[in-house]
Amino acid sequence: MFKTINENVSGEILEKKSKFIANVFYIETVEEAENIIKEIKKKHILARHNCYAFSVMTKDGIINRFSDDGEPSGTAGSPMLNIITSKNLTNILVVVTRYFGGILLGTGGLVRAYTGAFLETLEQTKEIYKELGVNSKIVVRYSDLEKLKYYLKQNNIEIENIDYSENINVFINLTREQYKCMIDKKEDFNFLILNSEIIKEKYIIIDK
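Residues numbered from 1 in each chain as written. Predicted model: local features only at pLDDT ≥ 70, side-chain atom pairs only at ≥ 80, totals over all residues. Heavy atoms only, no water.

> Break down the environment of I128 for me, citing the residues and quoting the values.
For I128, the location among the structural elements is in strand 7 (residues 127-140). For I128, a relative accessible area of 11% gives the class buried. The sequence separation of I128 and I206 amounts to 78 residues, and the corresponding C-alpha distance is 7.8 Å. With sequence-adjacent residues up to four places away left out, I128 is seen in contact with F2, K3, T4, I5, N6 and I205. (Helix = DSSP H or I, 4+ residues; strand = E, 2+ residues; numbered from the N terminus. Buried < 20%, exposed > 50% of the residue type's maximum accessible area, 1.4 Å probe, protein only. Contact = heavy atoms within 4.5 Å.)

> Account for the environment of I92, naming residues and giving values.
Considering the arrangement of structural elements, one finds I92 in strand 6 (residues 92-99). Judged by relative accessible area, I92 falls into the buried class, the value being 0%. Remark: the alpha-carbon pair of I92 and I27, spanning 65 residues in sequence, is separated by 5.5 Å. If we ignore the near neighbours within four places in the chain, the residues touching I92 are I5, V24, F25, I27, A53, F54, S55, I84, F118 and L122.

> Which residues make up the packing of aromatic side chains, and what values do they have?
Applying the stated criterion to the full structure yields seven aromatic pairs. With centroids separated by 4.8 Å and ring planes inclined at 20°, the aromatic side chains of F189 and F191 adopt a geometry described as stacked. Judged by relative accessible area, which is 4%, F191 ranks as buried. (Phe/Tyr/Trp six-rings, centres within 6.5 Å; stacked < 30°, edge-to-face > 60°.)

> Run through helix 2 (residues 77-86), naming residues and quoting values.
When we look at burial in helix 2, the residues that qualify are G77, P79, M80, L81, I83 and I84. The elements touched by buried residues of helix 2 are strand 4 (49-58), strand 5 (61-67), strand 6 and helix 3 (106-122). Following helix 2 by one or two positions, N88 has its phi on the positive side, about 60°.

> Could you give an account of the side chain of T121, with specific residues and numbers?
By the secondary structure assignment, T121 is in helix 3. Apart from the residues lying within four places of it in its own chain, the contact partners of T121 are V9, S10, G11, A22 and V24.

Geometric values such as these leave the question of function open.
Given below as structure tokens:
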């Protein structure tokens, strides 16, 4: 289980005529973070700096990276990463773009500007908890659909999609513990599960 953000947000501040534009993203892989950084740099090709920091949960542990992108060492990426780690956030990327306004800010001023832009933008988000669960297909008869939907609602299991064919294929997102419990107890339900399978791994929002 880890703490992250619920949505992508953006904001900006003005510091001595320099504009600092912060973009904060929920991410799931290093590759996703790198692709977003490339797109931000393309979008703001005339900007002086595009500094970033991110933290990603992987099967081998947490990967943290940052870049000052030409700003003095320790004035941009590193302080933003410190905010991420101090708040115990994971699967998050921040990119702060600076359009230079002609006035030097000094190292202290740069740290305050980059972290200030990040923190102000971060306030727009909500902290949530996630864990690696599964996307699963549950097959039931038409007559059992409402009973299944009631069970899922009672157990806070998200329905992603419903496919109406010969039987009904219900695609759901749930934790591995929820999936195991559902399969182990299927004989006790007032509906019949004709078939079930795990489609893929997926991060699931959980209550804490």
